Amino acid sequence: MRRTVPPQTYFVVSAVFHYLGPALAVLLFVRIEPLGVAWLRIASAGLIFAVWRRPWRAWRVLSGPARRLVVGWGFVLALMNSCFYLAIERIPLGTVAAAEFAPVIVLAAIAVRSLRNVLAVLLAVVGVYVLTDIRLSGDWIGLVFTASNALLFAAYVVLGHRVSRTDGLRRIDGLALAMGTATVLALPVGVWAAIPAFTDVRLLVAAVGVGVCSSVIPYVADQLAMARLERSTFALMLALLPATATVIGAVVLRQIPQAAELVAVAIVVAAVGLHREPS
């Protein structure tokens, strides 16, 4: 049954939840510091995956290279989520999302095989550039975290794609192992900032909700999509993320887009629609 669902459908689910969770997380910054929210997101997702998948069973049968790949992916997840929340504390969500696409456009361009796909990549670059340029911030600390998050996001795509196609490892089990690793790695810098959530049930429930929306649903959808899409195709489809982030930022955070931003979103959507998977 799952094979009958187009992989693009999984990606659309991922694109919506990828920034819905962070938009809700911004609302928690009043009570919990960004690193605390980041760790709660990672830890809640790690716990859910542990109960659901029992990933330690998969760990026992993995080869040495596969184990190193999963641990490396977990390291990237821990750093990426931390940098992401430190970035959106200072920079509009749509801008951070647009910056995330900058490195992965290289991944999309590497395997271009037709004039149609060249045009799709160029359109995506134009649309994302407009989104980034409009809201470029003078907050240099925020920009450093934004740039770091963008580079780590590209690493997430590369390593996640490899994990999704690792022999002998179910896609979700690899994700569960990586998220458990990320939980442990992010513990020293995040757990102390997360203490307010442990004294307020409503905050804790909200933080778990952020974890489900930000890490469980979109990362599972990513793995299901990556397993059936070429990495270059998946990378180009990531151009939709700035568009969804702009919409969600407007609805949830009242970060109202300008007319030019709406045009840029339309360009990005057209670029993704133009692209065709290499045969």
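Going by the structure above, here's the rest.
Here goes a summary of the coordinates provided. (Residues numbered from 1 in each chain as written. Predicted model: local features only at pLDDT ≥ 70, side-chain atom pairs only at ≥ 80, totals over all residues. Heavy atoms only, no water.)

### A few points about the overall build of the chain
A tally of regular secondary structure across the chain gives 13 helices and 0 strands. Mapped in sequence order, the helices and strands of the chain form the string α-α-α-α-α-α-α-α-α-α-α-α-α. Per-residue burial for the chain yields a buried fraction of 55% across its 279 residues. Counting only contacts in the chain whose residues sit at least 6 apart along the sequence, the fraction spanning at least 24 positions is 88%. (Helix = DSSP H or I, 4+ residues; strand = E, 2+ residues; numbered from the N terminus. Buried < 20%, exposed > 50% of the residue type's maximum accessible area, 1.4 Å probe, protein only. Contact = heavy atoms within 4.5 Å.)

### Brief notes about the side chain of Thr183
Its location among the elements puts Thr183 in helix α8 (residues 171-190). Sequence-distant contacts of Thr183, that is, excluding residues within four places in its chain, are made with Trp39, Ile42, Ala43 and Gly46.

### Some points on the environment of Gly142
Within the secondary structure, Gly142 sits in helix α7 (residues 140-164). Classification of Gly142 as buried rests on a relative accessible area of 0%. Separated by 54 residues in sequence, Gly142 and Ile88 place their C-alpha atoms 7.8 Å apart. The contacts of Gly142, once residues within four sequence positions are left out, are Ala87, Arg90 and Ile91.

### Examining empty space enclosed by the protein
Tallied over the full model, the rule gives 3 cavities of 30 Å³ or more. Roughly 70 Å³ of volume is contained in the largest cavity. Along its surface, the largest cavity is lined by His18, Pro22, Arg41, Met80, Asn81, Phe84, Glu100, Asn149, Phe153 and Tyr219. Within the residue set of the lining of the largest cavity, elements represented by two or more residues are α1 (7-28), α4 (64-88) and α7. Per element, the largest residue contribution to the lining of the largest cavity is 3 residues, and it comes from α4. (1 Å grid on protein atoms, 1.4 Å probe; cavity = no way out; pocket = protein on both sides within 12 Å on 5 of 7 lines; lining within 4 Å. Points joined across faces, edges and corners; volume = space filled by probe spheres on them.)

### Focus on the nonpolar core
Phe49, Leu77, Tyr85, Tyr156 and Leu238 are the most contacted members of the largest nonpolar core, which totals 78 residues. Take this core: its biggest share by element is 13 residues, from α4. Setting aside residues no more than four positions away along its own chain, Phe49 makes contact with Arg54, Pro55, Ile172, Leu175, Ala176, Met179, Ser215, Val216 and Val220. (Core = buried A, V, L, I, M, F, W, Y, C linked by side-chain atoms within 4.5 Å.)

### Thoughts on the pattern of salt bridges
A side chain with one charge can pair with a side chain of the opposite charge if their charged atoms come near. Evaluation of the coordinates by the stated rule reveals 3 salt bridges. The partner of Arg31 in a salt bridge is Asp200, with the nearest N and O atoms 3.5 Å apart. In this pair, Arg31 sits in the loop between α1 and α2 (34-53) while Asp200 sits in the loop between α9 (195-198) and α10 (201-226), placing the two residues 169 residues apart along the sequence. Connected through shared salt-bridge partners, Arg31, Asp200 and Arg202 make up one network. (Salt bridge = Lys/Arg side-chain N within 4 Å of Asp/Glu carboxyl O.)

### Structural notes on the packing of α1 against α10
Relative placement of two packed helices is described by the angle separating their axes and the distance separating the axes. It is at 8 Å that the axes of α1 and α10 come closest, and there the two elements cross at 160 degrees. As the angle between them shows, α1 and α10 are arranged roughly antiparallel. Where α1 crosses over α10, the handedness of that crossing is left-handed. In this structure, α1 uses Pro7, Tyr10, Phe11, Val13, Ser14, Phe17, His18, Gly21, Pro22, Leu24, Ala25 and Leu28 to contact α10, whose residues at the interface are Leu203, Ala206, Ala207, Val210, Cys213, Ser214, Ile217, Pro218, Ala221, Asp222, Leu224 and Ala225. In the contact of α1 with α10, the residues fall into 19 nonpolar, 4 polar and 1 charged. (Axes fitted to C-alpha atoms, helices over the stretch in contact; angles between N-to-C directions. Parallel < 35°, antiparallel > 145°, perpendicular 65-115°, else oblique. Left-handed = near helix turned anticlockwise from the far one by under 90°. Nonpolar A, V, L, I, M, F, W, Y, C, P; charged D, E, K, R; others polar.)

### Here we look at the packing of α4 against α10
Axis separation between α4 and α10 bottoms out at 14 Å; the angle between their running directions is 135 degrees. Taken together, α4 and α10 sit at an angle that is classed as oblique. Where α4 crosses over α10, the handedness of that crossing is right-handed. For the pair α4 and α10, contact is made by Trp73, Leu77, Met80, Asn81 and Tyr85 and by Val210, Ser214, Tyr219 and Gln223, respectively. Considered class by class, the residues forming the contact of α4 with α10 number 6 nonpolar, 3 polar and no charged.

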